[in-house]
Amino acid sequence: MADVRVRIFADARTAAHTLAGEIARALTDHPQLVLGLPSGRTPIPLYHELGRLHALGRADFAQATTFNLDEFLGVAPDDPRSYQTFMRQHLFDRVNLARRRIHFLDGTAADPAAECDRYERAIARAGGIDLQIVGLGVNGHIGFNEPAPALLANTHRVRLTGLTRRANAALFGGQASTVPKDALSAGIATILRARRLVVLATGASKASAVKRMLGERVTTQVPASFVLLHANAEVWLDRAAAGKIKP
Ligand code: GLP
């Protein structure tokens, strides 16, 4: 196995709570922490735990900055189906992040390419991402970097696969056909530029993707396998997601 640190927890809740505790401590040591964040079902327990720690006075986001990985193209920031709304519900409304330090790709930007460039510049201006957390798609995607013969390095517009549209159908009333065909996503290089990278994957449905991610072959057909190139990457799993890798 490659040189990434793999941590296996008894269950998803324990993984999420441990990661929330590490983030709270990192905020204490470094209040101006720059976080890269995913959406999806996986980080929900992490975000709720951060909200709980904040309410207890143990996680102060007053000076922190966040950048989210991705957004659906054509979906407005305040649309109930947007990732931005999702993040407000699960994290932003629960902690004391300053609105101006919450960064999101705007799915309704008139010029998507210019919007992607703006995002890269904003990350650079913030000094880069200290801790990037990513979820894992069942097809091995990270952010919305879908398996393909080649990947775009930086933030870009991407065509979503049918599988990914089905996986996101719940946000769109359960119907994959209503999920936008395109999205904006941080690129693999955007993700790899973070100083620390944590892949969080839980549940048996991710076990095959985890196995392929850690399979020693870096391939654009498994975009998550690029984390093997990062000098400070960790893969956090529950037992179910670790079910197909050797202990
Ligand atoms: C989605 C998102 C990713 C997310 C992944 C896994 O399509 N674009 O950012 O990490 O797929 O989602 P989930 O955590 O719901 O399984």
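Rules used in this analysis
- Think of each chain on its own: its residues are numbered from 1, step by step along the sequence as written.
- With the structure being a predicted model, the display of local features is reserved for residues of pLDDT at least 70 and the display and counting of side-chain atom pairs for 80 or more, all residues being used for whole-chain, interface and lining totals.
- For the side-chain quantities, the full set of heavy atoms in the structure was used; hydrogens and water were omitted.
- Under the DSSP-based scheme used, a helix requires at least four consecutive residues in state H or I and a strand at least two consecutive residues in state E, with every element numbered from the N terminus.
- We compute the radius of gyration from the C-alpha atoms alone; for a globule the expected value is 2.2 Å times N to the 0.38, where N is the number of residues.
- It only takes one pair of heavy atoms within 4.5 Å for two residues to be counted as in contact.
- A 1.4 Å probe and the Shrake-Rupley method give the accessible areas. Residues count as covered only by the protein chains that appear here.
- The pairing criterion is simple: DSSP has to find at least two bridges between the two strands.
- Note on geometry: axes are C-alpha line fits, over the in-contact stretch for helices, and angles between N-to-C directions span 0 to 180 degrees.
- In what follows, salt bridge is the name for a side-chain nitrogen of Lys or Arg lying within 4 Å of a carboxyl oxygen of Asp or Glu.
- The aromatic pairing rule takes the rings of Phe, Tyr and Trp, using the six-membered ring of Trp, and pairs them if the centres are within 6.5 Å, calling planes under 30 degrees apart stacked, those over 60 edge-to-face and the rest tilted.
- The buried label goes to any residue with under 20% of its type's maximum accessible area, the exposed label to any with over 50%, and the partly exposed label to all in between, with areas taken from a 1.4 Å probe on protein chains only.

Chemist: Explain the overall build of the chain to me, please; I cannot follow it from the model alone.
Modeler: For the chain, the count of helices and strands is seven helices and 10 strands. For the chain, whose C-alpha radius of gyration is 17 Å, the value lies close to the compact-globule estimate of 18 Å for 247 residues. Across its three principal directions, the C-alpha atoms of the chain cover 40 × 40 × 35 Å. Partitioning the intrachain contacts of the chain with sequence separation of at least 6 by distance along the chain shows that 78% fall at a separation of at least 24. Accessible surface computed for the chain: about 10800 Å², of which carbon and sulfur atoms make up 51%.

Chemist: Just to check I follow, could you spell out the sheet that holds strand β3 (residues 65-68) for this structure?
Modeler: To summarise the sheet geometry, strands pair through backbone hydrogen bonds and adopt either a parallel or an antiparallel arrangement. Here seven strands make up an open sheet; going across it, the order is β1-β10-β9-β6-β2-β3-β5 and the pairing parallel. Strand pairing shows two members of the sheet lacking a second neighbour, β1 (5-9) and β5 (102-103), which therefore form its edges. Pairing geometry for strand β9 (residues 196-201) and strand β10 (residues 233-238), over five bridges, is parallel. Bridging across to β10, V199 finds its partner in V235. Along the sheet, helix α4 (residues 112-125) makes contact with β3 and β5, crossing β3 at roughly 150°.

Chemist: I'm lost on the pattern of salt bridges in this one. Help?
Modeler: Note that side chains of opposite charge can pair when their charged atoms are close. As enumerated under the stated definition, the model contains 11 salt bridges in all. Among the salt bridges present, the one from E22 reaches R196, with a minimum N-O distance of 2.7 Å. Of this pair, E22 sits in helix α1 (residues 12-29) while R196 sits in strand β9, and the two are 174 residues apart along the sequence. Taken together, the salt bridges that share partners define one network made up of R7, E22, R196 and E234.

Chemist: Can you walk me through the packing of aromatic side chains in this structure?
Modeler: Here the distance between the centres and the angle between the planes together describe a pair of aromatic rings. Tallying each qualifying case throughout the model produces seven aromatic pairs. The interplanar angle of 15° and the centroid separation of 5.8 Å between the aromatic rings of Y83 and F144 together place this pair among those described as stacked. Highlighted residues: Y83 in helix α3 (residues 83-90) and F144 in the loop between β6 (131-134) and β7 (156-159), separated in sequence by 61 residues. Here Y83 and F144 have matching classes, each one buried.

Chemist: What is the right way to read unusual backbone geometry from this model?
Modeler: When glycine is set aside, most residues are seen to have a negative phi, and most peptide bonds are trans. For E216, which is not glycine, the phi torsion reads 75° and is therefore positive. With respect to the secondary-structure elements, E216 resides in the loop between α7 (207-213) and β10. By relative accessible area, which is 53% here, E216 ends up exposed.

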